[in-house]
Number of protein chains: 2
Amino acid sequence: MQQLLDHIAEIVGRDHLLTGEAVRQRNADWFTHSPCEAAAIVRPANTEQLSRVMALCHAAGQPVVTHGGLTGVVHGAVAAPNELAVSLERMTAIEAVDPVGGTLTAQAGVPLQRVQEAAVEIGMQFPVDLGARGSCTIGGNIATNAGGIRVIRYGMMRQQVLGLEAVLAGGRVISSMNTMLKNNAGYDLKQLFIGSEGTLGIVTRAVLRLQPALPSEQCALVSVPSFEALTRLLNLAPRRIGLSAFEALWNSHYRLMTEESGAHTPPLATDSPFYAILESQGMDTERDAEQFQALLEEAFEAELITDAVLASSEAQRQAIWAIREDIEALVRTLKPMFSFDISLPIPAMETYVEGLEQRLAEAFPGVARLVAFGHLGDGNLHIMVTVRDAAAECRRAVEQLVYAPLAEIGGSVSAEHGIGLEKRDYLHFSRSEEEVATMRLLKQALDPKGLLNPGKVLG
Amino acid sequence: MQQLLDHIAEIVGRDHLLTGEAVRQRNADWFTHSPCEAAAIVRPANTEQLSRVMALCHAAGQPVVTHGGLTGVVHGAVAAPNELAVSLERMTAIEAVDPVGGTLTAQAGVPLQRVQEAAVEIGMQFPVDLGARGSCTIGGNIATNAGGIRVIRYGMMRQQVLGLEAVLAGGRVISSMNTMLKNNAGYDLKQLFIGSEGTLGIVTRAVLRLQPALPSEQCALVSVPSFEALTRLLNLAPRRIGLSAFEALWNSHYRLMTEESGAHTPPLATDSPFYAILESQGMDTERDAEQFQALLEEAFEAELITDAVLASSEAQRQAIWAIREDIEALVRTLKPMFSFDISLPIPAMETYVEGLEQRLAEAFPGVARLVAFGHLGDGNLHIMVTVRDAAAECRRAVEQLVYAPLAEIGGSVSAEHGIGLEKRDYLHFSRSEEEVATMRLLKQALDPKGLLNPGKVLG
């Protein structure tokens, strides 16, 4: 390997090939905090350097793991001692912002938040948003098809990508930097690299679609008397307001985040079976507030909600969202905690959660506990489980209980986090043999030596 | 081949294997009106039958062309005498409509209009809309990634497909009937079959995403004094109204459709260099009308428009749209007419159209004429050219003039119509050698014998 590393150092410069302690000082990923074990970390300055590095690795049969912001939660960027990590941290230029076409062209290493800010500077917005915005990178967002809280309105990362450039396993550069909303000239190759977690190619640059900024934002927390009322509210809301988020909190979650942990003052009584956070974005603050108020009144009269608090200031808005987003309070109360990100058809959710609670109680009597919340409109639930024991066999047992029922109801073991290493053994609950075989066909076609992020997704 | 046909007849039933005159009575496609030349037309009743037919064809090395509604315009469904056509005309069931999840599950042969109507019945909408809605099928819309007039708001067909089922060349059924907005469990295989024009697999069923119905619709035709004003108006409109369509008409188009052809009374004087049709969709007719009116006033004061007519009735709305959609009047005035569907970055459009007019005038002095209009917000232009001569060499010469400049400005030879046979030789103007090579890799991986829609897209 030393010979290969010497050649790579000639391409990227000695300073940009990290080895030994410099590698170990970095984390493997955000969740584990264990040191990175890669043989070396390569930091190319541009696509051309990366292409040459990949050609060398291909010739040498050297496996490669791509590093973005390392904020993933499924161990998708973990690198073994025989693997080389490629970090795109030097490719951080925003190359173009086009207010007429409403596009932004960025290198893969640009943090999400810088893209959001660059959009705001020209009076637009980039609508993908998630907690890791300051660290996660556009390349990582694309490779994992990131979701977040505004999917119900704007879709996932896939829908924001108009064009991209990727380097294939052999070093070939696929440049599909399309800037138009419409382009049906042959196969849409960029789809291959979105959400395939670095196993089919390395994303180096992208053209992103921007959206008009919407200056008015309304937000409310409501108490909901039943799951049926929750789904009817979800159906009603987009007919009355410019709905941009609809988050559901099971009582287990709301009560823990407020009363039990003491982390947040409960804005509404804690005895309702469900709560929801509704957010709208629009163009006219006064009118939007009226519409929002009218929706709440209508929902109250139809007995879809029993109580509500409408944020009347930015501080109140943040206080409502904090109940949803404060993962630390969750971890503190439930540790050791197993965290799940699944999706399933909305009509199946209530029964699924009740069934899971029951199965957990049977398997871990007296200690099991489940907290559920999530992006209801997207069919996406986050489920936190503790059995007060972090042992690997406990984790495996809980994973089985969480994932196995999804097969029958057409759910997914991963809504937005991806598969990585963590969910690889459960892929078959969500994908048929024929689907997995076809994924392997693609992997074989694009990376015949299996050098790109080995073992992730398909194993 | 007779032996193969006998086996196929056993699977689908003798009545559903058309041969001879029954085949010749059908058109090859909507544009040519020439008879279908396929060896036979197979009409499977369901996915299982199709799977068995495809397995037989694969074993026999028999090429297959899929037929939906035959409304395509790039000869993507033309079948040669040695080819078998598979028509999905018997697979016309809407299998499920879920108002809670907002999804509709349909077989591939369902006409677009029936999906739209089924959505309306539950108070929702299916937003893809195009002139061929009564005949084109969901399977064809998916295979060609159909566009239409509401892409600016809702995206193309690709964005409406949550899940799909497809039969591969060898008969393997890939069933990815996902119903959730979010599913990151491995590669998103459905993307392979969307927009690949039946060359990678045959779409048999799909889960479509529905949108809330928006009862209020506003529409106006405006006169725009310059291309720069047109782009500024496009930038302003989505900040003021719920913009759902933004169509631009060059003076050449507007004048022809009104004054010259006599087909439509001009609602505005015919001396403006550009016109635009703006449409908004919203929830509250009164408020939306106020907002729309306010936008027009603001645009007038900012000198982005010089005149406007706001539709105050459904008849007026239809009269405005008829100027845009009356293709017959165009054909009558310009015949023999060559029709183009391209996309290019919006800032490059004005110069492109002017340059093309000039090159046409030089190549065909005294007879060449160009008319331009299209979905400006999507970067999509429709360009109609006549040189008063339909000869193949004239067509080739005009195609060269239209397509060649797109390479340099990053445009596409096909915005929404696809490649089929018609644009195959021009794919290289929009896609690099590396891109085409990667498309061939996919084709080779999924259809190694090259039996699916042979010669289309890649040749």
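Not measured: the values here are computed from a predicted model.

J.: Just checking my understanding: could you explain the overall build of chain A for this structure?
T.: Helices and strands together make up the secondary structure of chain A, namely 17 helices and 18 strands. Taken over the C-alpha atoms alone, chain A extends approximately 70 × 55 × 40 Å along its principal axes. Across the 459 residues that make up chain A, the buried fraction comes to 59%. Taking as baseline every contact in chain A between residues at least 6 positions apart, the subset at least 24 positions apart corresponds to 71%. Of the roughly 16400 Å² that chain A leaves accessible, carbon and sulfur atoms contribute 50%. Taken together, the 37 basic and 54 acidic charged side chains of chain A have centroids lying 6 Å from each other.

J.: Where do I start with the interface of chain A and chain B in this structure?
T.: Quite often, the size of an interface is put as the accessible area lost when its parts meet. On the side of chain B, 90 residues touch chain A, which itself brings 90 residues to the contact. Taken together, both faces of the contact between chain A and chain B bury some 6800 Å²; the carbon and sulfur share is 56%. Looking at the side of chain A facing chain B, the largest losses of area belong to Lys182(A), Asn184(A) and Tyr187(A), adding up to 15% of the total buried there. The closest approach of N and O atoms between Arg158(A) and Asp188(B), which form a salt bridge, is 3.4 Å. Counting across the chain A and chain B interface gives 40 residue pairs in polar contact (both at pLDDT 80 or more). Of all the secondary structure elements, the ones that give two or more residues to the side of chain A that touches chain B are helix 6 (151-154), helix 7 (157-160), strand 9 (173-176), helix 8 (190-193), helix 9 (227-240), helix 11 (285-301), helix 16 (427-430) and helix 17 (433-446) of chain A. At ten residues, helix 17 of chain A tops the list of elements feeding residues into the side of chain A that touches chain B.

J.: Explanation requested: the relation of the copies chain A and chain B in the structure shown.
T.: Between the two chain copies there is a screw-like relation: a rotation about an axis and a shift along it. In screw terms, the move from chain A to chain B is a rotation of 180° and a rise of 0.0 Å along the axis, fitting with an RMSD of 0.0 Å. The transformation relating the two chain copies, once decomposed into turn and shift, fits a two-fold axis. In this assembly, 100% of the residues forming the interface of chain A have copies in chain B that are likewise at the interface, indicating an isologous arrangement.

J.: Looking at this structure, how should I read the pattern of salt bridges?
T.: Here the idea is simple: oppositely charged side chains can pair when their charged atoms come close. Evaluated as defined, the whole model comprises 55 salt bridges over all chains. The shortest N-O distance in the salt bridge between Glu399(A) and Arg395(A) comes to 3.3 Å. Within this pair, Glu399(A) and its partner Arg395(A) are both found in helix 15 (residues 392-409), separated by four residues, close to a single helical turn. Residue Glu435(B) is joined to Arg431(B) by a salt bridge in which the shortest nitrogen-to-oxygen separation is 3.3 Å. Residues Glu435(B) and Arg431(B) agree in their burial class; the two are buried. Residues joined in a network through salt bridges with shared partners are Arg150(A), Glu217(A), Glu279(A), Glu314(A) and Arg317(A).

J.: Just checking my understanding: could you explain the sheet that holds strand 10 (residues 202-209) of chain B for this structure?
T.: The pairing of strands in a sheet comes from backbone hydrogen bonds and takes either a parallel or an antiparallel form. All names here are of chain B. Across the sheet, five strands lie side by side as 5-6-10-8-9; this open sheet has antiparallel pairing. Pairing within the sheet leaves two strands with one partner each, and these edge strands are strand 5 (94-98) and strand 9 (173-176). Strand-to-strand twist of the sheet, defined as the mean angle between neighbouring strand axes without regard to direction, takes the value 10°. Across four bridges, the pairing between strand 5 and strand 6 (residues 103-107) is antiparallel. When the bridges of strand 6 are listed, Asp-98 appears paired with Thr-103.

J.: Please clarify how the pairing of strand 8 (residues 161-167) of chain B should be interpreted in this entry.
T.: The side chains of a regular strand alternate between both faces of the sheet. Residue and element names in this part refer to chain B. With seven of its seven residues buried, strand 8 lies for the most part within the structure. Examined bridge by bridge, strand 8 and strand 10 share six bridges and lie antiparallel to one another. Note on strand 10: the bridge partner recorded for Val-161 is Leu-208. Linking two consecutive strands that pair antiparallel, namely strand 8 and strand 9, is a turn of five residues; a positive phi of about 105° is found at Gly-171 within it.

J.: Is there a simple way to explain the environment of Ala299(B) in this structure?
T.: All names here are of chain B. Position of Ala-299 among the secondary structure elements: in helix 10 (residues 285-301). For Ala-299 and Arg-232, which are 67 residues apart along the polypeptide, the C-alpha to C-alpha distance reads 9.2 Å. In this structure, Ala-299 is in contact with Leu-233, Leu-304 and Ile-305, ignoring residues within four places of it in sequence.

J.: What is the right way to look at the UniProt feature "domain: FAD-binding PCMH-type" (unreviewed entry) in chain A in this model?
T.: The positions UniProt marks with the feature "domain: FAD-binding PCMH-type" (unreviewed entry) are residues 34-213 of chain A. Within residues 34-213 of chain A, the helical portion is 23% and the strand portion 24%, while the C-alpha atoms at the span's ends are 40 Å from each other.

J.: Got a minute to help me understand the packing of helix 9 (residues 251-260) of chain B against helix 11 (residues 314-325) of chain B in this structure?
T.: All names here are of chain B. Where helix 9 contacts helix 11, the two axes come as close as 9 Å, and the packing angle between them is 115°. In terms of orientation, helix 9 lies roughly perpendicular with respect to helix 11. For the element pair helix 9 and helix 11, the recorded crossing hand is right-handed. Where helix 9 approaches helix 11, its residues His-253, Tyr-254, Met-257 and Thr-258 are matched on the opposing element by Ala-322, Ile-323 and Arg-324. For the contact of helix 9 with helix 11, the residue count by class is four nonpolar, two polar and one charged.

Scoring rules and cut-offs
- Residues numbered from 1 in each chain as written.
- Chains lettered and ligands numbered in written order.
- Predicted model: local features only at pLDDT ≥ 70, side-chain atom pairs only at ≥ 80, totals over all residues.
- Heavy atoms only, no water.
- Helix = DSSP H or I, 4+ residues; strand = E, 2+ residues; numbered from the N terminus.
- Buried < 20%, exposed > 50% of the residue type's maximum accessible area, 1.4 Å probe, protein only.
- Contact = heavy atoms within 4.5 Å.
- Areas by Shrake-Rupley, 256 points an atom, 1.4 Å probe, with all protein chains shown as cover.
- Lys, Arg positive; Asp, Glu negative; His and termini not counted.
- Charge placed at Lys NZ, Arg CZ, Asp CG, Glu CD.
- Buried area = accessible area lost by both parts, 1.4 Å probe.
- Salt bridge = Lys/Arg side-chain N within 4 Å of Asp/Glu carboxyl O.
- Polar contact = N/O pair within 3.5 Å; in protein donor to acceptor, adjacent residues only side chain to side chain.
- Least-squares fit on C-alpha atoms with pLDDT ≥ 70 in both.
- Pairing = 2+ DSSP bridges.
- Axes fitted to C-alpha atoms, helices over the stretch in contact; angles between N-to-C directions.
- UniProt positions renumbered as here; feature names shortened; annotations may be inferred.
- Parallel < 35°, antiparallel > 145°, perpendicular 65-115°, else oblique.
- Left-handed = near helix turned anticlockwise from the far one by under 90°.
- Nonpolar A, V, L, I, M, F, W, Y, C, P; charged D, E, K, R; others polar.

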